[in-house]
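Survey of secondary and tertiary structure
Here's the letter readout for the chains.
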Amino acid sequence: MTAAPRIGIIGCGAIGGFYGLMLARAGFDVHFLLRSEFTAVASEGLRVNSAVHGSLHLDNVQAYPSVTDMPPCDWLLVAAKTTSNAELAPLISQAAAPGAKVVLMQNGLDVEDELRPLLPDSLHLLGGLCYIYAHRSAPGVVEHQALGGVNLGYHSGPALDTESRQLILEQGTGLFQTAGLASKAMAELKQARWQKLVWNAPFNGLAVLLNSGTSALMSNAESRALIAALMQEVVEAASACGYPLPAEFAGKLLAATERTPDYLPSMYHDFALQRPLEVHAIYAVPLAAAAKVDCAMPRTEMLYQSLRYLEQRQP
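The sections below set out a description of the structure shown in this document. (Residues numbered from 1 in each chain as written. Predicted model: local features only at pLDDT ≥ 70, side-chain atom pairs only at ≥ 80, totals over all residues. Heavy atoms only, no water.)

Focus on the environment of lysine 196
Quick note on the threshold: The helix count covers DSSP runs of H or I at least four residues long, the strand count covers runs of E at least two residues long, and both are numbered beginning at the N terminus. Any two residues whose heavy atoms approach within 4.5 Å at even a single point are treated as in contact.
Here lysine 196 shows up in helix α6 (residues 189–209). What lysine 196 contacts, discounting residues up to four positions off in sequence, is Asn107, Leu129, Cys130 and Tyr131.

Brief notes about the pairing of strand β1 (residues 6–10)
For the record, the criterion: Whether a residue is buried, partly exposed or exposed follows from its accessible area with a 1.4 Å probe, protein chains only, as a fraction of its type maximum: under 20%, in between, or over 50%, in that order. Any two strands between which DSSP finds at least two bridges are classified as paired. With its strands directed away from the observer, a crossover is right-handed exactly when the path from the first strand over the helix to the second travels clockwise.
Of all the five residues making up β1, four are buried; the element is thus mostly covered by neighbouring parts of the structure. Sheet analysis places β1 next to strand β2 (residues 29–33), joined by five bridges and oriented parallel. Paired with glycine 8 across the bridge in β2 is histidine 31. Note on the crossover from β1 through helix α1 (residues 14–25) to β2: the handedness is right-handed. With four bridges joining them, β1 and strand β6 (residues 73–78) adopt parallel strand pairing. Paired with isoleucine 9 across the strands is leucine 77, a residue of β6.

Things to note about unusual backbone geometry
Look at asparagine 60: it is not a glycine, yet its phi comes out positive at around 50°. Note on placement: asparagine 60 falls in the loop between β4 (54–58) and β5 (63–64). Asparagine 60 gets classed as exposed once you look at its relative accessible area, which sits at 70%. Of note, aspartate 110 is a non-glycine position whose phi angle comes to about 65°, a positive value. With respect to the helices and strands, the residue aspartate 110 is situated in the loop between β7 (96–104) and α4 (111–115).

Here's what the structure looks like:
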């Protein structure tokens, strides 16, 4: 019989807190590597106030302030922001059991490509695309408004054939499914990342620039038209880069956003708290990829430049 996997969570903001708690609640052996959150979580536990699952509390959290105190984990879910990936790489390597599966539960394009050279070749690297409305309201406290699914795609590592990679993806999606969360394997990770950018690129940046959540942005004719135009730019860039998306995809995203509660994306919270913005992964990388194939993204580029201006003016 195969031993139950040990799961490590690196970063305990909204994403790490939510998925870590849900996995622990399902009976998995989950360990959390924390920084600023450690004191609060170690003393008060981890709490998720969920509009979907109710009020959830995980007491006696297996939390660690240092990676040297953490047991080696078979699965590592990296839920920290992409802005800290370079400094996280040594921690990932130390926390990983031999042959561990590392899942980047992050937004943006090519995040796996940039982290891969910093990790041992023996580790499997996967992308985890989270479809969730959640934010951290206090240390160790997550507000979950809607959704919660996570899809996995294999990026690189010692699994060289399709069958081996599919088996790993099925093991990973099985973890989340056991926790009551929708999860499926993705055959083409980069296409899925472009697909997620269709929502992330307009809503993250405009939430910061216009100081508005999704409901306000969608209810105004001017901002809605801008969102639609930005979405179309991303769709066209994805196609130009060799990752075509369905023609009706942007329209379906707009309709789905109208049906969900008002939401302030993660970049809004990062800007409000004067944290680094994920402009590199969400804007700079896609813009560079599009430029290589002579695909112009003028609205997206203006959004990126405006965010860089605001970021540089922060204290």
